[in-house]
Amino acid sequence: MSLNKISIKIGGPAGSGVFTIGLLLSKYFQRAGLNVVYTTDYPSLIRGGHNTCCVRAENEEINAEVLNHDVLVALDDLTITEDLKQLNKGAVLICDTKSTFESADYQVLKVDFDKLLDGMDKRYFNTIAFGCVIGLMGEDGDMLRDALATHFRKKSQEVVEENLKAAQVGYDFAKEFCVQNNTGFLGRITKTQNSLGNTVFMSGNDAACVAAVKAGVKFVGEYPMTPSTSFLHYMAAHELDYNITTKQTEDEIAAINTAIGASVAGVRAMTATSGGGFALMNEAIGFAAIAEAPVVVFECMRGGPSTGIPTYTDQGDLKFVINSSQGEFPMVVLAPGDIEECFEESFNAFNLADILQTPVIVLLDKHLAASHFTAKRFDTSKLKVDRGKYINLSDEVLANNKRHEFTEDGISTRFNPGQPGGIYTSSSYEHDETGYTCEDSENHVKMMEKRFKKYDAIPKELLRPKMYGPEDADLTIVGWGSTKGVALDAIKYLNSDGLKVNYMHFVYINPFDNEEVKSMLDSCKDTIILEANYTGQLRDIIREKTGFYIEKTYFKYDARPFYFQEVYTKIKEVLKK
């Protein structure tokens, strides 16, 4: 094991505190100044089953989970059976003394949890395991105590003290083990010069929530659905701090319609859901478009079809989202690829919704939505809320102002029922400039052209795919959403091997800059596309829009994220041919 470079897997049944250990370790490593990736894997069960989480921490920038680990913390025998094969040779296995497992290939640290608890509540045994890992690898008890105090800061002082006591017991036990067995593990994790706290550690959903608050969202309507439920938790926890109304509705149809209603009433509004919930929202998406009501929808993909495998990741909703609702209308679909983009593009989503007066869909997948990553603190100095052509509630609307007036840019001045002079009719019917129902052929043509004209207001540079890596690459990886992380990690190691590989990352997928994308792809020497779905949905969209066909593919549809080693190996195979 190298200094300040480690990957740890923790496994056990649901309810045993597996994820608490993972989060505590992540916060410890963040305090040491390391970059951290924290991922979870669990079935849709309340208790039992086999839950695991992985913590990868390094000095260097990292963006993805790895397949092999340096430490395995097994809170039950099933973890040894299922996950031992992912341990590197010479790695450490931490398990209970009740386990009969023995091996000369690994360093086995058997812990008598019952004895170490010594009168403490049994629920603290996972904190002992956390202390064991830090005792093996770490050198700083202060960071251990700081990580614990931060994690349990909303609990009582008694809970904090008991956890500190349990962690110290595990820490001392593991250090004694290292000394007695001369393992050489001690001091593998040390505090770096970067440990000044200039990073955040959060999930994609959390970053999107922070952006929504920063953008001034004032209404959240949501029905909980994995993996989007944490939006509801975050917003409900912070609604009093930021004057936000958070409503758990009776279903997803009500969730989006309440958000549309709040938008028409004048505030920024959003909802969040997953594939099944988004299916229920489809009719309302079209309603928002024809009513020209800004609304932001976060869609967190999981494995389908139908209920599918709800706690696992997938990129199978892309074409469904782009083609949502009946009829044709302008809609923006964007897919952030990391924590920074979750923040920046979610903020942009609220501005675009207001400027274009149409729905904006932010597409995440479970891997990015629920996994945690360290990132530099967000630079908010250049962020500016832009509400477009909007007359504030406190201002009076000019006489004869038409809510859906035909304009050169297709965007009408927006005002709200209830403000002086602001009364107008809004329904799901086609309408004239005033909002009154109108089925006249000429009017419908003009309204269709008016609505689609709005796309011109989107800055061209937003639609352009982002490039990473050498310009003269022999192979370009094409991807979208959370595949960005593993692609960036792979090209870093491939380039250090002397191979020239770069990455083309799509964030904005609807609308699509056909000419620019075709020009960029034509300039590539060779291409391969990376997608977490069966059919290659972005590949289809690229071919439909540009005629460019990406022959080489790596599609993964086992509902697990891409791992660094998988992509690295695949690209090497392609380059050898």
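Structure: above.
Residues numbered from 1 in each chain as written. Predicted model: local features only at pLDDT ≥ 70, side-chain atom pairs only at ≥ 80, totals over all residues. Heavy atoms only, no water.

**Q** How do you make sense of the side chain of H505 when you look at a structure like this?
**A** By the element assignment, H505 lies in strand β17 (residues 501–506). The class of H505 is buried, set by a relative accessible area of 0%. A distance of 3.0 Å separates a polar atom in the side chain of H505 from a polar atom in the side chain of E341. Look past the residues within four positions of H505 in its chain and what remains in contact with it is A335, G337, E341, P465, K466, Y468, G479, W480, G481 and K484. (Helix = DSSP H or I, 4+ residues; strand = E, 2+ residues; numbered from the N terminus. Buried < 20%, exposed > 50% of the residue type's maximum accessible area, 1.4 Å probe, protein only. Polar contact = N/O pair within 3.5 Å; in protein donor to acceptor, adjacent residues only side chain to side chain. Contact = heavy atoms within 4.5 Å.)

**Q** When you look at the packing of aromatic side chains in this model, what are you seeing that I'm missing?
**A** For any pair of aromatic rings, geometry is given as the distance between the ring centres together with the angle between the planes. Scanning the entire structure with this criterion turns up 15 aromatic pairs. When the ring of F298 is compared with that of F350, the centres are 6.5 Å apart and the planes differ by 45°; the resulting orientation is tilted. A residue pair is termed long-range when its members are at least 10 positions apart, and F298 in strand β11 (residues 295–301) and F350 in helix α12 (residues 339–356) qualify at 52 residues. Summarising the burial analysis for this pair, F298 and F350 share the class buried. A cation over an aromatic ring shows up here: R387 above the ring of Y390, its NZ or CZ 4.5 Å from the ring centre. Directly above the ring of Y554 sits K570, whose terminal nitrogen or CZ lies 5.7 Å from the centroid. (Phe/Tyr/Trp six-rings, centres within 6.5 Å; stacked < 30°, edge-to-face > 60°. Lys NZ or Arg CZ within 6 Å of the ring centre and 35° of its normal.)

**Q** Would you mind going over the environment of T546 with me for this structure?
**A** As for its placement among the helices and strands, T546 is situated in helix α18 (residues 537–546). For the pair T546 and V517, spaced 29 residues apart in sequence, the C-alpha separation works out to 7.4 Å. Sequence-distant contacts of T546, that is, excluding residues within four places in its chain, are made with F512, N514, V517 and K518. Here the side chain of T546 touches F548 through a polar contact of 3.0 Å, landing on its backbone nitrogen.

**Q** Before we go on, may I ask you to explain the sheet that holds strand β16 (residues 475–480) in this structure?
**A** Each strand in a sheet pairs with another by means of backbone hydrogen bonds, the pair being arranged parallel or else antiparallel. Strand order in this open sheet of five strands is β15-β17-β16-β19-β20, and the pairing throughout is mixed. Strands with a single pairing partner mark the edges of an open sheet, and in this sheet they are β15 (466–468) and β20 (552–555). Adjacent strand axes in the sheet meet at a mean angle of 20° when their direction is disregarded. By the bridge criterion, six bridges tie β16 to β17 in an arrangement that is parallel. Following the sheet pairing, V478 is matched in β17 by M504. Where helix α19 (residues 564–576) meets the sheet, it contacts β16, β17, β19 (527–531) and β20, and its direction lies at approximately 160° from that of β20. (Pairing = 2+ DSSP bridges. Axes fitted to C-alpha atoms, helices over the stretch in contact; angles between N-to-C directions.)

**Q** Can you walk me through the packing of helix α4 (residues 125–137) against helix α6 (residues 157–181) in this structure?
**A** Two quantities define a packed helix pair, namely the angle between the helix axes and the distance between the axes. Contact pair α4 / α6: the axes reach a minimum separation of 6 Å and the direction vectors enclose 40°. By the angle class used here, α4 and α6 are oblique. When the axes of α4 and α6 are compared, the crossing they make is right-handed. Contacts between α4 and α6 pair T127, I128, F130, G131, C132, I134, G135 and L136 from the former with N163, A166, A167, G170, Y171, F173, A174, K175, F177 and C178 from the latter. Residue composition of the contact of α4 with α6, by class: 12 nonpolar, five polar and one charged. (Parallel < 35°, antiparallel > 145°, perpendicular 65-115°, else oblique. Left-handed = near helix turned anticlockwise from the far one by under 90°. Nonpolar A, V, L, I, M, F, W, Y, C, P; charged D, E, K, R; others polar.)

**Q** I would appreciate a short explanation of α19 in the present structure.
**A** In this model, α19 (13 residues) spans 19 Å end to end at C-alpha, consistent with the 18 Å of a helix rising 1.5 Å per residue. Against the buried residues of α19 lie β16, α16 (483–496), β17, β19 and β20. (Expected span 1.5 Å × (residues − 1).)

**Q** Sorry, what's going on with the side chain of T39 here?
**A** Examined against the element boundaries, T39 turns out to sit in strand β2 (residues 35–41). Looking at T39, its side chain comes within polar contact range of the side chain of E65, at 2.7 Å.

**Q** Whenever I open this one, the pattern of salt bridges confuses me. Can you help?
**A** Should their charged atoms come close, side chains of opposite charge can pair. Under the criterion given, the structure shown has 32 salt bridges. For R145, the salt bridge identified is with D142, shortest N-O distance 2.8 Å. Highlighted residues: R145 and D142, both in helix α5 (residues 141–151), separated by three residues, approximately one helical turn. Its relative accessible area of 53% is what places D142 among the exposed residues. In this structure, D497 and K572 form a salt bridge, with 3.4 Å as the shortest nitrogen-oxygen distance. (Salt bridge = Lys/Arg side-chain N within 4 Å of Asp/Glu carboxyl O.)

**Q** Would you explain the pairing of strand β13 (residues 359–365) in this entry?
**A** On any regular strand, side chains alternate: one points to one face of the sheet, the next to the other face. Of all seven residues making up β13, seven are buried, and the element is well covered by its neighbours. Burial along β13 is two-sided: P359, I361, L363 and D365 and V360, V362 and L364, pointing in opposite directions, are all buried. The pairing of β11 with β13 spans seven bridges and is classified as parallel. When the bridges of β13 are listed, M301 appears paired with D365. As judged from the three bridges shared by strand β12 (residues 332–334) and β13, these two strands associate in the parallel manner.

**Q** In this structure, what is going on with the state of the cysteines? I would like to understand it.
**A** Each disulfide consists of a covalent bond between the sulfur atoms of two cysteine residues. Counted by the stated rule, this structure contains zero disulfides. Here C95 is not disulfide-linked; the sulfur of C132 is the nearest cysteine sulfur, at 11 Å. You can call C95 buried: its relative accessible area is 1%. Cysteine C342 shares no disulfide, and the gap to the nearest cysteine sulfur, in C300, comes to 9.0 Å. (Disulfide = S-S within 2.5 Å.)

**Q** Help me understand the sheet that holds β11 in this model?
**A** Taken in spatial order, the seven strands line up as β9-β8-β10-β11-β13-β12-β18 in an open sheet, and their pairing is mixed. Two strands close off the open sheet at either side, each with one partner strand: β9 (245–248) and β18 (508–510). Each strand of the sheet is rotated relative to its neighbour by a mean of 20°, with strand direction disregarded. The strands touched by helix α8 (residues 229–242) are β8 (217–222), β9, β10 (268–273), β11 and β13; relative to β9, the strand with the most contacts, the crossing angle is about 145°.

**Q** Got a minute to help me understand helix α9 (residues 252–264) in this structure?
**A** Because an α-helix completes one turn every 3.6 residues, residues spaced three or four positions apart along the sequence face the same direction. End to end, α9 covers 18 Å across 13 residues, agreeing with the expected 18 Å (1.5 Å per residue, within 8%). Buried residues of α9: E252, A254, A255, I256, A259, I260, A262, S263 and V264, and no others. In the core, the buried residues of α9 are packed alongside β8, β10, α10 (275–290) and β11.

**Q** Help me understand the environment of I189, please; the structure alone is not making it clear to me.
**A** With respect to the secondary-structure elements, I189 resides in the loop between α6 and β7 (199–203). Sequence separation of I189 and C438 is 249 residues, and the distance between their C-alpha atoms is 69 Å.

**Q** Just to check I follow, could you spell out the packing of α5 against α6 for this structure?
**A** Close contact between α5 and α6 brings their axes to 10 Å; oriented N to C, the two are set at 145°. In the packing of α5 onto α6, the handedness of the crossing is right-handed. Residues G141, L144, R145, L148 and A149 of α5 form the contact with α6, whose participating residues are V160, N163, L164, A167, Q168 and Y171. In the contact of α5 with α6, the residues fall into seven nonpolar, three polar and one charged.

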